[in-house]
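Listed below, chain by chain, are the residues.
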Amino acid sequence: MPVQKAANKLDQLEKEIWSSMRRFSSVKVLLAVHQAIKASEEPNSAVSQVFTLDEGGFQPFIAAGISSFAIRFSNPNRYTDKEFTLNDLTNLYNLVLDYLTADPITTNEEIDKEFHKSNPVFMMLRMVASQFPFQVNTFGFAAQSLLLFSEIPKEIENKKGIQRFGFSREFQKLTGLSVQDFVSCGFILWTGSCSKKTVGLTRDYFEKARSQGIELPDDEGILLMLNSITADPDRFRQTYEQMKQKDSRFRIYDFNPLLTFPLLRPWHYNQWKTMERDRIVAPLPDLIAYRISTGIFYEMFNHYKEEFSRYFGHLFGAYIGRLLEASVKSQNLMSEDTIRQTYPESSGKAPDWIVLDGSTAILIECKATRFSLTALETGAEESVNDSLKQILKGLEQLHEFRQAIITKAPGLEWLHHCTELKPVLITFEPLYLINTVLFRDHINCLLQKKENITGLPWRILSVKELECLQPHLGAGISVSETFSAMEVKTYNQVLNDLLTRTGLTYKDSMLYRLDQEMYKRLKINDLILR
């Protein structure tokens, strides 16, 4: 398709979406999305009958797209008695679905030529990366944040070899709140927004929570928290304009500000509004969970850049250590510090952690790395490869240490009996499609080209995947058996097998126990977890 015609197709879809949105106030659209997200969990609801599971259900990435268009296109001050019906939502959903799935390679001859000889996984990456972030795994999000951003910084503060950063001080300077207060407020907002009894909230919701004995910051602290994760239309549009790509051919993959501001004030807002009149809505409530966990990393990184990124690597490594300690027996877990007692830095690279399981050693390297926005939004090979630099570095480190064991290097005698060595790299954010055949082939080619490394049987896991494995490993499931299973099955298949085998749930995890401590501190009783 000629470039002009492709642009016209997107322009036409945008015009149709704009026209549909302008018939309603953004408030009605956002509240309808919020209600539909919750109703889609009920199999007999009207929403579930229209958006059937066979056709994908009411997909979160479409809901996020509708919400973004609602804030940017619709008229918040349009006063009308016209209802926003399920039929209106369905029509709008289909328009936005057409728009968000119109990958330019299918409509733009110029882009088709650019990507003609590239690995098809790069096109798949930008498509997946535009959808998966809105399917939030809420497993232990509050406990993860409190451990990673509150407890561990105190533990490593004076540890030798770790740069001074003062995380608690810098976070409070940036947000006006402690990590504990920030996460506690966010947790209460999440539970309130998820409740089937609520359709949007007011700031007065916190006063009601206090009246039930829940300990929360004062009104000033609540307002600081809300201002960190909430946007009115002007702020939302400004963020969108700042973050959108320079190459408008890929604009369907532009960053959605809902990831930064999961709470919206579509109504006219000023800071002098009373608590009961300050109305907010979370179109996708689970994005609040993302914002007060992974979102803390981005808030700090966007402000402190590489200084924070280097420091966070230490936090992340220590956090993975806590998960592993809850997963395997202490005598089977070795940290880099333990390794260095017999294998000094002068001897070569060493992993962050080793798990011993009989004659198998799991070599674990932690990398708080991620794909860049450009890589995710365009799938350009150069940008993808640039994002893979830290991954390649980690795999090279694991290869060097693995070879040292194979060649019976001095200082590693306690590993010489191992006949199977499994290199595992753990990342903070999921690297979509990274373990697929196409992506593995690409990475293996880069390893061979750069360092002449071949045959490295690597596996990459996200921290969330390790968190979900933890209760099963902690119950005695073999670590080596689990990782061997992932060589022939997908991660989700392996996890489902473990769920069937052990019957364990989130309540059996290390993170749940930490959640319980938070409930006690907040004085929350009988909280029903979803």
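Note: the structure precedes this text.
Only a predicted model underlies this, so the values are computations on that prediction, with no experimental measurement involved. (Residues numbered from 1 in each chain as written. Predicted model: local features only at pLDDT ≥ 70, side-chain atom pairs only at ≥ 80, totals over all residues. Heavy atoms only, no water.)

**Brief notes about the pattern of salt bridges**
Part 1 of the reasoning: Under the definition given, this model contains 24 salt bridges.
Part 2 of the reasoning: For Asp 103, the salt bridge identified is with Arg 126, shortest N-O distance 2.7 Å. Highlighted residues: Asp 103 in the loop between helix H5 (86-100) and helix H6 (109-114) and Arg 126 in helix H7 (residues 120-129), separated in sequence by 23 residues.
Part 3 of the reasoning: A relative accessible area of 2% means that Asp 103 is categorised as buried.
Part 4 of the reasoning: Of the charged contacts in the structure, one is a salt bridge between Asp 497 and Lys 489, with a shortest N-O distance of 2.7 Å.
Part 5 of the reasoning: The class of Lys 489 is partly exposed, set by a relative accessible area of 38%. (Salt bridge = Lys/Arg side-chain N within 4 Å of Asp/Glu carboxyl O. Helix = DSSP H or I, 4+ residues; strand = E, 2+ residues; numbered from the N terminus. Buried < 20%, exposed > 50% of the residue type's maximum accessible area, 1.4 Å probe, protein only.)

**Brief notes about helix H8 (residues 141-155)**
Part 1 of the reasoning: End to end, H8 covers 20 Å across 15 residues, agreeing with the expected 21 Å (1.5 Å per residue, within 8%).
Part 2 of the reasoning: Of all the bends in H8, the greatest measures close to 30° and is centred on Leu 147.
Part 3 of the reasoning: If you check which residues of H8 are buried, you get Phe 141, Ala 142, Ala 143, Gln 144, Ser 145, Leu 146, Leu 147, Leu 148, Phe 149, Ser 150, Ile 152 and Pro 153.
Part 4 of the reasoning: Of the surrounding secondary structure, the elements contacted by the buried residues of H8 are helix H9 (167-175), helix H10 (179-194), helix H14 (286-291), helix H15 (294-325), helix H21 (463-474) and helix H24 (510-522). (Expected span 1.5 Å × (residues − 1). Bend = angle between axes of the 7 residues up to and from the residue. Contact = heavy atoms within 4.5 Å.)

**Topic: the pairing of strand E7 (residues 360-367)**
Part 1 of the reasoning: Most of E7 is tucked away, with eight of its eight residues classed as buried.
Part 2 of the reasoning: The alternating pattern of E7 places Thr 360, Ile 362, Ile 364 and Cys 366 and Ala 361, Leu 363, Glu 365 and Lys 367 on opposite faces, both of which are buried.
Part 3 of the reasoning: As judged from the five bridges shared by strand E6 (residues 353-357) and E7, these two strands associate in the antiparallel manner. Considered in E7, the bridge of Trp 353 is made with Ile 364.
Part 4 of the reasoning: The pairing of E7 with strand E8 (residues 420-427) spans eight bridges and is parallel. (Pairing = 2+ DSSP bridges.)

**Side note on the pairing of strand E9 (residues 459-462)**
Part 1 of the reasoning: Side chains Arg 459 and Leu 461 of E9 all project onto a buried face; the interleaved residues Ile 460 and Ser 462 project onto the opposite face, where all are buried too.
Part 2 of the reasoning: The pairing of E8 with E9 spans four bridges and is parallel. Bridging across to E9, Val 424 finds its partner in Arg 459.
Part 3 of the reasoning: Read from E8 through helix H20 (residues 437-451) to E9, the crossover connection turns out right-handed. (Right-handed = clockwise from strand over helix to strand, strands pointing away.)

**With respect to the packing of aromatic side chains**
Part 1 of the reasoning: Within the structure shown, the criterion is met by 34 aromatic pairs.
Part 2 of the reasoning: For the ring pair Phe 149 and Phe 167, a centre distance of 5.6 Å and an interplane angle of 15° mean the geometry is stacked. Residue Phe 149 is found in helix H8, and its partner Phe 167 is found in helix H9; the two are separated by 18 residues along the sequence. Just as Phe 149 is buried, Phe 167 falls in that class too.
Part 3 of the reasoning: Consider the rings of Phe 167 and Phe 308, whose centres lie 6.0 Å apart with planes at 40°: the pair is tilted. Residue Phe 167 is found in helix H9, and its partner Phe 308 is found in helix H15; the two are separated by 141 residues along the sequence. With respect to class, Phe 167 is no different from Phe 308; both count as buried. (Phe/Tyr/Trp six-rings, centres within 6.5 Å; stacked < 30°, edge-to-face > 60°.)

**Digging into the environment of Gly 321**
Part 1 of the reasoning: Secondary-structure assignment places Gly 321 in helix H15.
Part 2 of the reasoning: In the structure, Gly 321 is positioned 164 residues away from Ala 485 in sequence and 23 Å away in space, judged by C-alpha atoms.
Part 3 of the reasoning: If we skip the residues at most four places from it in the chain, Gly 321 touches Leu 333 and Trp 353.

**Things to note about H15**
Part 1 of the reasoning: Relative to the 46 Å expected for 32 residues at 1.5 Å per residue, H15 spans just 22 Å between its end C-alpha atoms, considerably shorter than the ideal helical length.
Part 2 of the reasoning: In H15, a bend of some 130° at Lys 305 exceeds every other bend along the element.

**Examining the environment of Asn 385**
Part 1 of the reasoning: If you trace the backbone, Asn 385 turns up in helix H18 (residues 381-387).
Part 2 of the reasoning: Every residue in contact with Asn 385, bar those within four places of it in the chain, is listed here: His 442 and Leu 446.

**Observations regarding the packing of H15 against H21**
Part 1 of the reasoning: Between H15 and H21, the least distance of the axes is 10 Å, while the angle of their chain directions is 20°. Classified by the angle between their axes, H15 and H21 sit roughly parallel to one another. You can see that H15 and H21 cross each other, and the crossing is left-handed. Across the interface between the two elements, Phe 316, Tyr 319, Ile 320, Leu 323 and Leu 324 of H15 pack against Val 463, Leu 466, Glu 467 and Gln 470 of H21.
Part 2 of the reasoning: Here the residues of the contact of H15 with H21 are counted per class, giving seven nonpolar, one polar and one charged. (Axes fitted to C-alpha atoms, helices over the stretch in contact; angles between N-to-C directions. Parallel < 35°, antiparallel > 145°, perpendicular 65-115°, else oblique. Left-handed = near helix turned anticlockwise from the far one by under 90°. Nonpolar A, V, L, I, M, F, W, Y, C, P; charged D, E, K, R; others polar.)

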